[in-house]
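Below, each chain spelled out in residue letters.
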Amino acid sequence: MKRFKKVYLEISNVCNLRCSFCPGTKRKPMVMQEAEFKVILQKLQPWTDYLYFHLMGEPLCHPHLAEYLQLAYEAGFKVIITTNGSLLRKCGDVLIDNHVHKVNVSMHAFEANDLSVPFSKYLEDCLEFGNKAEGKMIICYRLWNGGGADQLNPEILDAMHKAFPGEWVTEPRGIRIGHRVYLEHGDKFDWPDLSGDDQGQDVFCYGLRDQIGVLCDGTVVPCCLDHEGDIALGNLLQQDMEQILSAVRAQALYNGFSCGKATEELCRKCGYARRFQGR
């Protein structure tokens, strides 16, 4: 049985921010209920070790985050959280106390919003969490704003040097700034959208190869960028993963990418997939 390197499980599509780089979603706001979460956990167990509580939404907004983290841990998953960082002062201990494997902090989120809190307070909360959690999990501070809104990056980097004053070492996963603490740079990218420009059929993607996504209503999508569920392959609350992956639409998508061709309109409008050309 093929296993995925990671599965994105959207426990909620609700977010407390509205980042300019994020498309958001027009789907009905909802949080995944515990009974549904347990069903999906059980169905995902044969398929991956790494579970990302993310697709759309801010996972730290979920009212039962601690319980869900514990359930996932007991089911044998290594959980990765991606957060905008604004709720780390409130929820950081929940992450530390519930066996989280890795936390990605999108430090470029502040500049992409009109927030009422001072930037210094946001920075302090994000970096204090890193100091407190250092060594207990992998922490990755992300600056994925190359070519976009990056005016605050020098101030962010200065604060990081003060919070992590030791030697910074460049490694394959990023710049190691502390014990299991990393800084990761990346370019801004445009999310695929059906209203976007067609970039041609010749494309390769790792969707359905090393990753798959599950939206908060159980809909299975091929990758973490399908924010509206445009490529709905099935529903894990009603079907098993084997049924979903063996269906005509999923097979056509997988086989198309094997030949370097996109069978889905959304994939033909995905600029991110261009990174994999000439793989």
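Scroll up to find the structure.
Anyway, here's the lowdown on the structure attached to this text. (Residues numbered from 1 in each chain as written. Predicted model: local features only at pLDDT ≥ 70, side-chain atom pairs only at ≥ 80, totals over all residues. Heavy atoms only, no water.)

Here we look at the pairing of strand β9 (residues 211-214)
- Burial along β9 is two-sided: the residues Gln 211 and Gly 213 and Ile 212 and Val 214 are all buried.
- Note that strand β1 (residues 6-9) and β9 share four bridges and pair parallel. By the bridge assignment, Lys 6 is partnered in β9 with Gln 211.
- Summarising the sheet, β9 and strand β10 (residues 219-221) pair through two bridges and their orientation is antiparallel. Within β10, the position partnered with Val 214 by the bridge is Val 220.
- In this antiparallel pair of consecutive strands, β9 and β10, the connection spans four residues, and Gly 218 shows a positive phi of 95°. (Buried < 20%, exposed > 50% of the residue type's maximum accessible area, 1.4 Å probe, protein only. Helix = DSSP H or I, 4+ residues; strand = E, 2+ residues; numbered from the N terminus. Pairing = 2+ DSSP bridges.)

Here we look at helix α3 (residues 88-97)
- The complete set of buried residues in α3 reads Leu 88, Cys 91, Gly 92, Leu 95 and Ile 96. For α3, the buried positions fall inside an angular range of 155° around the axis, keeping them on one side. The exposed set on the far side of α3, more than 90 degrees from its buried face, consists of Lys 90 and Asp 97.
- Contact partners of the buried residues in α3: α2 (65-74), β3 (78-83), β4 (102-106) and α4 (119-133).
- Backbone geometry just downstream of α3 places His 99 in the positive-phi region, at approximately 65°. (Arc of directions from axis to C-beta. Contact = heavy atoms within 4.5 Å.)

Structural notes on the packing of α3 against α4
- Look at α3 against α4: their axes get within 10 Å of each other, and the N-to-C directions meet at 15°. Taken together, the axes of α3 and α4 lie roughly parallel to each other. For the pair α3 and α4, the sense of crossing is right-handed. Between α3 and α4, the contacting residues are Leu 88, Arg 89, Gly 92, Asp 93, Leu 95 and Ile 96 on the first element and Lys 121, Glu 124, Asp 125, Cys 126, Glu 128, Phe 129, Lys 132 and Ala 133 on the second. (Axes fitted to C-alpha atoms, helices over the stretch in contact; angles between N-to-C directions. Parallel < 35°, antiparallel > 145°, perpendicular 65-115°, else oblique. Left-handed = near helix turned anticlockwise from the far one by under 90°.)

Concerning the pairing of β3
- Of all six residues in β3, five are buried, a share of seventy percent or more.
- Across three bridges, strand β2 (residues 50-52) lies against β3 in parallel orientation. Paired with Leu 51 across the two strands is Val 79, which belongs to β3.
- Bridge count between β3 and β4: four bridges; the pairing is parallel. The partner of Ile 80 across the bridge, within β4, is Lys 102.
- Of the crossover connections in this fold, the one passing from β3 over α3 to the parallel β4 is right-handed. (Right-handed = clockwise from strand over helix to strand, strands pointing away.)

Digging into unusual backbone geometry
- In this model, His 99 sits at a positive phi of 65°, which is unusual for a non-glycine residue.
- Relative to the assigned elements, His 99 resides in the loop between α3 and β4.
- Although it is not a glycine, Arg 180 sits at a positive phi angle of roughly 65°.
- Following the sequence through the fold, Arg 180 ends up in the loop between β7 (174-178) and β8 (181-187).
- Under the relative-accessibility criterion, Arg 180 is labelled partly exposed at 28%.

Observations concerning the sheet that holds β8
- Ordered in space as β6-β7-β8-β5-β4-β3-β2-β1-β9-β10-β11, the eleven strands form an open sheet in which the pairing is mixed. Either end of the sheet is taken by a strand with one partner, and the two such strands are β6 (169-171) and β11 (234-235).
- The sheet contact formed by strand β5 (residues 138-146) and β8 spans six bridges and is parallel. Following the sheet pairing, Gly 146 is matched in β8 by Asp 187.
- Strands β5 and β8 of the sheet are contacted by helix α5 (residues 153-163), whose axis makes an angle of about 160° with β5.

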